[in-house]
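Observations on chain architecture
The residues making up each chain are set out below.
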Amino acid sequence: MHSLATAAPAASPPGTRPNLLHRSGAFCARHPVWVIAVWLLVVAAALWGNKTVGASYSDEVSLPGSQTQTGADLLEASDPALADPNGKVVFHVTSSTVSDHADGLGQALDRLADLPHVTAVTKPVTSIDGATAYATMSFDEDIKSLGHTYVDHLDKATAPARAAGIQVGYGGDLHDIARRPADDAASEAVGIATALVVLLLAFGSIAAALMPLITALISVGVGMGVIGIVAGALTFATSAPTLALMIGLGVGIDYALFLTTRFRQDLLDGHDPEDAVGRTMAGSGKAVIVAAVTVAVALLSLYACGLTMIGRLGLAATVAVLITALAALTLVPAALGIVGHRIDRLRIRRRPVAETAGDDDGWHRYARLVGRHPRTFLTAGLTLLVVCAIPLFSMRLGHIDDGADPVGSTTRHAYDWISDAEGNGFGPGANGPFTVVVDLKGAALPPDKVADELTDTLKKTDGIAGITPPRPTKDGKLLVTTVTPATGPQTAETGGLFETLTDHTLPDALENTGAHAYLTGSTAGQLEFRDTVTERLPLIIGIVLICAFLLLMAVFRSLVIPLKAVALNLLTTGASYGILVAVFQWGWGEHLLGMSEPVPIESYVPMMMFAIVFGLSMDYEIFLLSRISEEWHAGHDSEEAVGRGLSLTGRVITCAALIMTAVFLSFTGSPTVVVKMLALGLAISVILDATVVRLVLVPSLMFLFGRSNWWLPGWLERRLPHFSM
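Note that the structure is predicted; figures quoted are calculated from it, not measured. (Residues numbered from 1 in each chain as written. Predicted model: local features only at pLDDT ≥ 70, side-chain atom pairs only at ≥ 80, totals over all residues. Heavy atoms only, no water.)

1. Digging into unusual backbone geometry
Phi at histidine 117 takes a positive value of approximately 70°, unusual for a residue other than glycine. Inspection of the secondary structure assignment puts histidine 117 in the loop between helix H4 (102–113) and strand E2 (118–121). Looking at histidine 117, the relative accessible area reads 32%, which means it is partly exposed. Here the phi dihedral of arginine 557 falls at roughly 50°; this positive angle occurs in a residue that is not glycine. (Helix = DSSP H or I, 4+ residues; strand = E, 2+ residues; numbered from the N terminus. Buried < 20%, exposed > 50% of the residue type's maximum accessible area, 1.4 Å probe, protein only.)

This is how it looks when you write it as structure tokens:
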């Protein structure tokens, strides 16, 4: 039976030298043992280096020049002890009072004070009913650097309190070490198992199904090792390895799947294995490069926000993507060269199917249906995306606090006990107090008068549950007071109070004193980080859109195609944002995802998601458009090129999307809410892009535009670079 794949100009015309990708693919197929051996050596070296170097991960955010950073710097310079990292050890009893167990509590406090790196332990602050108390521990280094194993020291120190019948929880910044490190092994296993099932159903043979999986795992192993080595010199966020693993595994399987499918089709068309590998790389290899570069550009654009933590998250994911793309261009053709015609060994169905089952398969019939009713399909697809995007307009950014931790965890216990108790230093806002630092340099009034002005104004401010009397630092250069909000750290009310204090209350209180006030502390820093991210998000969007537009215009030699791609991917991203708001912020999926309450959207998730979603959603469009482009340049009219491109890529893109979705959804089981958000958001974007965009909007628009799809002004055609590989 004649295959549509033979119409695609994958190989060079007779008498001409094959292009670079064709030659490199054929070389890897001729020397597979050497290529595979090199990759195995590289993965071993990368993993060894990862264990040897000692990677550093931290979620500490620095905003140089911001008021929170300025306040923290002033405090550290004036009274370093007040700027020491600190956390809370919370004690709670369900009956009687904590003081009834004074011996056990006292022994625990003494032992806590003797622990390594502890500089001070305060006297316990007790609630009105006496059932809850907490002591603040100060440390001589960043708490995160102590590691999760430090919890063993805390547990041993507080053992006398537990023996006396007191429950103990770790709150404040102790959550950095009290939370168990995420174990991605279960998520990886689920994602890989699901991918294997999909590949078996797609290829119909065990050998063909294992090929993309094994090559992807090797490339991901190299990527994770390299990221760990780089993390020895550059500090990545704690979620960076998980993010890189999630994206690297997904795109690694996808790239190998596209190439393996094309290879099998060339074998079915009668080409020998080496030639089939060369043709595969000449055709689909270029699409892999364009897709990987698009993802990399989108991810690296995160550096433009000026926030090192976010930029390095993008860098970690970029490393994973580029290494998987390199593996797709070298390791995959080597593996295909070894397997050759044996790729269909161990079949689970009688007839192997590659890119298409014939001229009248289901994808051809569907393409003709869209061609007859393009406006209907376009309207339906746009309506669905717009409806999904509606919740976007109520998105509230913030920081997810310990109140969203799993019920029963030590951090959640500490949070709830403090939040539910009454008294000075208790209540919901006590889990995220603000520290006000007043710089007395240049003050026209004595410190006590400045303190009176500040106290009077703060007492009149709505949303404040309590304040401590302003006290001078040891050198007398600053006044310091603690403001306890009436609401929890992640609430909209606390965010509003932050803005009121910084924009009105503090400037008004000190207007005639000559002193200057700064709001600092963990909660203030997170809220200022939120505002910074929100302010810089349009810049990231603009950079990604412009770079993607220019790249696609140069590759496909068209103005209409990149404009359409950019617009549709914006719609996909908006719809993904909307669904995230409904699930997390509105609480529609909190129980399904193992959460106990609705949460705001973590401040940096939209920025990260935009770069990742835009890059990944471009993948399927590039693979589809590259096939359509091949058919168009082979001499078919626009309608026939669209129909053939859709039918040729229908099976493989659907399988790739299923695999990518399964990989991402497997990570929604993570105990970290931010990972859940990113995983679900990426899965949703892949689903929408592979169904609504690729199956409905792209073909309907291309049918409507016809020959105009390929319009490019002559003067621009002459100036654009040509990507001939």
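Moving on from the model shown.
2. Regarding the nonpolar core
Membership of the largest hydrophobic core comes to 170 residues, with the highest contact counts inside it found for Tyr255, Ile310, Phe584, Met608, Leu616, Tyr620 and Phe664. Element by element, the count of residues in this core is highest for helix H22 (residues 673–705), at 22 residues. Non-local contacts of phenylalanine 664, meaning those with residues more than four positions away in its chain, are made with Met246, Ile247, Leu616, Ala679, Leu682, Ala683 and Val686. With 28 residues, the next largest nonpolar core counts Leu105, Leu115, Ile143 and Tyr170 among its residues. (Core = buried A, V, L, I, M, F, W, Y, C linked by side-chain atoms within 4.5 Å. Contact = heavy atoms within 4.5 Å.)

3. Observations regarding the environment of lysine 286
Relative to the helices and strands, lysine 286 is located in helix H11 (residues 273–300). What makes lysine 286 partly exposed here is its relative accessible area of 26%. The sequence separation of lysine 286 and histidine 22 amounts to 264 residues, and the corresponding C-alpha distance is 10.0 Å.

4. Observations regarding the pattern of salt bridges
For the structure on display, the rule yields 9 salt bridges. Notably, a salt bridge pairs arginine 179 with aspartate 402, separated by 2.5 Å at the nearest N-O pair. Of this pair, arginine 179 sits in the loop between helix H7 (175–178) and helix H8 (185–203) while aspartate 402 sits in the loop between strand E6 (397–398) and helix H15 (410–420), and the two are 223 residues apart along the sequence. Residue classification places arginine 179 among the partly exposed residues on the basis of a relative accessible area of 34%. Using a relative accessible area of 8% as the deciding quantity, one classes aspartate 402 as buried. Between arginine 530 and glutamate 499 there is a salt bridge, and its shortest N-O distance comes to 3.3 Å. Here the residue arginine 530 occupies a position in helix H18 (residues 522–556), and glutamate 499 occupies one in helix H17 (residues 492–509), the gap between them amounting to 31 residues. Looking at arginine 530, the relative accessible area reads 11%, which means it is buried. Judged by its relative accessible area of 36%, glutamate 499 is partly exposed. One network of salt bridges, in which partners are shared, links Arg179, Asp402 and Asp405. (Salt bridge = Lys/Arg side-chain N within 4 Å of Asp/Glu carboxyl O.)

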